[in-house]
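Observations on the model geometry
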Amino acid sequence: MRIKTIWLASAAALTAFVLHASAPAFAQTAAALSGAVTSAKEGPMEGVVVSARKDGATITVSVVTDDKGHFSFPASRLDPGHYAISIRATGYDLDGPKDATIAAGLEDKIAVTLKPARNLSAQLSNAEWLMSMPGTDAQKRLVLACNSCHTLERIVRSTHDAEEFKQVFLRMAGYYPGSTPLKPQRLVGDAVRRIISADAAPAAAEWLASINLSQQDTWSWPLQILPRLTGKSTHVIITEYDLPNKLIEPHDVVLDREGNVWYSDFGQMFIGEMDPKTGAVTQYPIPVTKPGYSLGTLDLHIDKDDAPWVGAMYQSAIAKLDRKTGKFETWSTPKEWDSDAGQLGHLAIEGTPADDKVWIKNSAGGHIYRLDLKSNAFEDVGSPKDPRTGKRIGTYGIHSDAENNLYLLDFSAGNIVRLDAKTKEPTVYLTPTPNSHPRRGRVDDQGRLWFAEYFGNAIGTLDPETGKIQEWKVPTPWSSPYDAVEDKNGNAWTASMNTDRVARLDIKTGQYTEYPLPRPTNIRRVFVDDAKNPGTLWIGSNHGASIVKVEPLD
């Protein structure tokens, strides 16, 4: 007998209930797999992520338990077959069952039990390591660049003493930022990326050697974990699509107007296209324009004609894909301007229709270029400086508005800089949180700039008409937001390389809803498909070789 189930329409909860004719507020649906999660310690457990993956499949579907420990997978999301079951609840391991079989037209019910984790430290997120380790916020911020290549667990498990850490700092300065333990890439020639300055290195080395396992067999400080998310945070479906190989690093994930999913590969010379219905992937190889230099791409955009553009990093080039031929057109830094450290990771094409010019950032020296698509000529606008201090703007993300004015996000301080498209004159705005390290964002339809504050643990928006900036602090400590985007439904979104959570802000109320992810997820770019309300968030698991879709239900 097929068991029908319903959701509470007011909360769009996943919890299954027996259908009752006197409950007109309930919307009907059918479950393929449902049950409850309990443990001997807590009884029914809210906020547990339950995942189901069909044998041989590349797609995993996850839901979250409600306040009674109930969970339910909609029948439309799970085809008949045999599934592996997994969970995520920090501090717990799955006791059983570890699989389930779904028959066509029937609902399988399982009672999931959890047991205390055998190895709690292996379950901690980067944010939980930062919460746990002793030290000042200033000390902990020193390792907020390390998570680009690996987890912070690698640091606290290491046995390096202070002198060895100094050598580690020098060695790490020679790696490409898209390096991972699976595929490290060395920089070429005199290019270096000092994550920790020479002045800060001695004290940083002493601190790291005091918190790792160089002087002890286990940590002398207690491990702290974040509480599981509850309430509205459990009203979500998460779908994870595995990419064809483990070396793919989906840095930016965006959708075109047809709903196809595109990603840039931070460690290889490809961009990829994924069918969200099947998970099938097509990869397009990008020409190597600077042989012998590090490989990988970063900033990905879809233009008004649905053509993908990408920054090719240490290849000192940007590229545009012709979707009809599958071939790329590339533009490289003029040779007389190039260097071993040349890096064209970021570009801005939102305003290009206004004047046929593309803004590009060269991380070597912070130069801002402007490419004229009619003549293919590069213009060097220079390296903008902070008029208050004379210090060079440490630009990370660049974003243009409809008139092709450019915004620079100063990742070395707390500045937002607007370059006028006609005069090229800069206007500098200060974030309310000093030294907030703005990272990436987007210009919305109203011309407002949305951006993430990596050190400020916030997202913000600048209204250029008034010159005012408003900030909203993300509730989870050490979220270190990387990117921010607004949707047309009155929400703004952000995510993190640290928390394994995504956050949705109700702009009117200032209230956040965070959603838990089923496994460690190193997130960079955030993209929202807001065709429906609520919108659907798309992100890349940069170290997990997967693309993740997060669908809030209310």
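Anything mentioned here points back to the structure above.
Before going into details, it helps to say that this report is about the structure given with it. Bear in mind that the values here come from a model prediction, so they are computed numbers and not experimental data.

The next subject is the overall build of the protein chain. What the protein chain contains, in helices and strands, is 6 helices and 39 strands. The C-alpha atoms of the protein chain give 24 Å as radius of gyration, which agrees with the globular expectation for 554 residues (24 Å, within 12%). Principal-axis analysis of the C-alpha atoms places the extent of the protein chain at approximately 75 × 60 × 45 Å. Relative to its 554 residues, the protein chain shows a buried fraction of 57%. The long-range fraction of contacts in the protein chain, counting pairs at least 24 apart against all pairs at least 6 apart in sequence, stands at 55%. About 22,900 Å² of surface is accessible on the protein chain, with carbon and sulfur atoms providing 51% of the total. Distance between charge centroids for the protein chain: 2 Å, based on 60 positive and 67 negative side chains.

Burial runs high along strand β13 (residues 250-255): 6 of the 6 residues are buried. In this structure, β13 lies alongside strand β14 (residues 261-265), joined through 4 bridges in antiparallel fashion. The partner of L255 across the bridge, within β14, is V261. In sequence, β13 turns back onto β14 through a hairpin of 5 residues, with G259 there showing a positive phi of about 90 degrees.

On to the pattern of salt bridges, then. In this structure the tally under the stated criterion is 29 salt bridges. Between K68 and D67 there is a salt bridge whose closest N-O contact spans 3.9 Å. Accessibility expressed as a relative area gives 49% for K68, which makes it partly exposed. The exposed category is assigned to D67, whose relative accessible area is 52%. With a closest N to O distance of 3.7 Å, R501 and E514 form a salt bridge. Within this pair, whereas R501 is found in strand β35 (residues 501-506), its partner E514 is found in strand β36 (residues 511-516), the two being separated by 13 residues in sequence. For R501, a relative accessible area of 10% corresponds to the buried category. Of the residues examined, E514 reaches a relative accessible area of 7% and is grouped as buried. One connected set of salt bridges, linked through shared partners, spans D252, D299, R440, R442, D483 and R525.

Our focus in this paragraph is the packing of aromatic side chains. In this description, a pair of aromatic rings is defined by centroid distance and the angle of the planes. Tallying each qualifying case throughout the model produces 17 aromatic pairs. Ring geometry for Y241 against W538: centres 6.0 Å apart, planes inclined by 20 degrees, an arrangement best described as stacked. With a gap of 297 residues between them, Y241 in strand β12 (residues 236-242) and W538 in strand β38 (residues 536-541) connect regions that are remote in the sequence. For the pair Y241 and W538, one class covers both residues: buried. Pairing Y396 with F411 gives two aromatic rings, centres 5.6 Å apart and planes at 45 degrees, and the pair type is tilted. With Y396 in strand β25 (residues 395-400) and F411 in the loop between β26 (406-410) and β27 (415-419), the pair connects residues that are 15 residues apart, well separated along the chain. Judged by relative accessible area, Y396 falls into the buried class, the value being 14%.

Our next topic: the environment of P426. If you trace the backbone, P426 turns up in strand β28 (residues 426-430). Residue P426 is classed as partly exposed on the basis of its relative accessible area of 40%. Sequence-wise, P426 and H70 are 356 residues apart; in three dimensions their C-alpha atoms are separated by 55 Å. Filtering out sequence-adjacent residues up to four positions away, P426 remains in contact with V417, R418 and L419.

Here 4 strands make up an open sheet; going across it, the order is β25-β26-β27-β28 and the pairing antiparallel. Unpaired on one side and paired on the other, β25 and β28 mark the two borders of the sheet. Strand-to-strand twist of the sheet, defined as the mean angle between neighbouring strand axes without regard to direction, takes the value 20 degrees. Where β25 lies against β26, 4 bridges are found, and the strand directions are antiparallel.

Once that is clear, we can look at the sheet that holds strand β19 (residues 317-322). Strand order in the open sheet formed by 4 strands is β17-β18-β19-β20, and the pairing between neighbours is antiparallel. The open sheet has two free edges, formed respectively by β17 (300-302) and β20 (327-332), since each of these has just one partner strand. On average, each strand axis in the sheet is tilted by 20 degrees relative to the strand beside it, whichever way the strands run. Sheet analysis places β17 next to strand β18 (residues 308-311), joined by 3 bridges and oriented antiparallel. By the bridge assignment, H301 is partnered in β18 with W309.

Bringing the nonpolar core into the picture now. Formed by 41 residues in total, the largest nonpolar core has its most connected members in W129, M133, V143, F165, F169 and L208. Elements with a contribution of two residues or more to this core: α1 (126-132), α3 (153-156), α4 (162-172) and α5 (201-211). If one sorts the elements of this core by residue count, α5 sits on top with 7 residues. Aside from chain neighbours lying at most four places away, what touches W129 is S121, L124, L152, E153, V156, W219, W221 and L223.

Turning next to the pairing of β25. Taken across its 6 residues, β25 has 6 buried, putting it largely inside the fold. In textbook terms, the turn of a hairpin is the stretch between consecutive antiparallel strands, and for β25 and β26 this stretch comprises 5 residues, one of which, N404, has a positive phi near 70 degrees.

To continue, consider the environment of R525. Inspection of the secondary structure puts R525 in the loop between β36 and β37 (526-529). Of the polar contacts made by the side chain of R525, one reaches the backbone oxygen of L300; its length is 2.9 Å.

Reading the values: the criteria
- Throughout this description, residue numbers start from 1 for each chain and increase along the sequence as written.
- Side-chain atom pairs in this predicted model are given and counted only at pLDDT of 80 or more, local residue features only at pLDDT of at least 70, and totals for whole chains, interfaces and linings cover all residues.
- Hydrogens and waters are ignored; side-chain quantities use all the structure's heavy atoms.
- Numbering of helices and strands starts at the N terminus; helices are DSSP runs of H or I of at least 4 residues and strands are runs of E of at least 2.
- The size measure is the radius of gyration over C-alpha atoms, and the globule rule it meets is 2.2 Å times the number of residues to the 0.38 power.
- Burial classes follow relative accessibility: with a 1.4 Å probe on protein chains only, a residue under 20% of its type's maximum area counts as buried, one over 50% as exposed, and anything between as partly exposed.
- In this analysis, two residues are considered to be in contact whenever any of their non-hydrogen atoms come within 4.5 Å of each other.
- Only the protein chains shown count as cover for residues, and the accessible areas themselves come from Shrake-Rupley with a 1.4 Å probe.
- A residue counts as positive if it is Lys or Arg and as negative if it is Asp or Glu; His and the chain ends are not included.
- Charge positions come from single atoms, namely NZ of Lys, CZ of Arg, CG of Asp or CD of Glu.
- Strands qualify as paired when DSSP identifies two bridges or more between them.
- Here a salt bridge means any side-chain nitrogen of Lys or Arg lying within 4 Å of a carboxyl oxygen belonging to Asp or Glu.
- Here a Phe, Tyr or Trp ring, Trp counted by its six-membered ring, pairs with any other such ring whose centre lies within 6.5 Å, and the pair is stacked when the planes are under 30 degrees apart, edge-to-face when over 60, and tilted otherwise.
- Only C-alpha atoms enter the line fits that serve as axes; for helices the fit covers just the stretch in contact. Angles between N-to-C directions range over 0 to 180 degrees.
- Residues enter a nonpolar core if they are buried and are Ala, Val, Leu, Ile, Met, Phe, Trp, Tyr or Cys, with the set joined through side-chain atoms within 4.5 Å.
- Counting of polar contacts relies on pairs of N or O atoms within 3.5 Å, with two restrictions inside protein: one atom must be capable of donating a hydrogen and the other of accepting it, and residues adjacent in sequence are counted only when both atoms are side-chain atoms.

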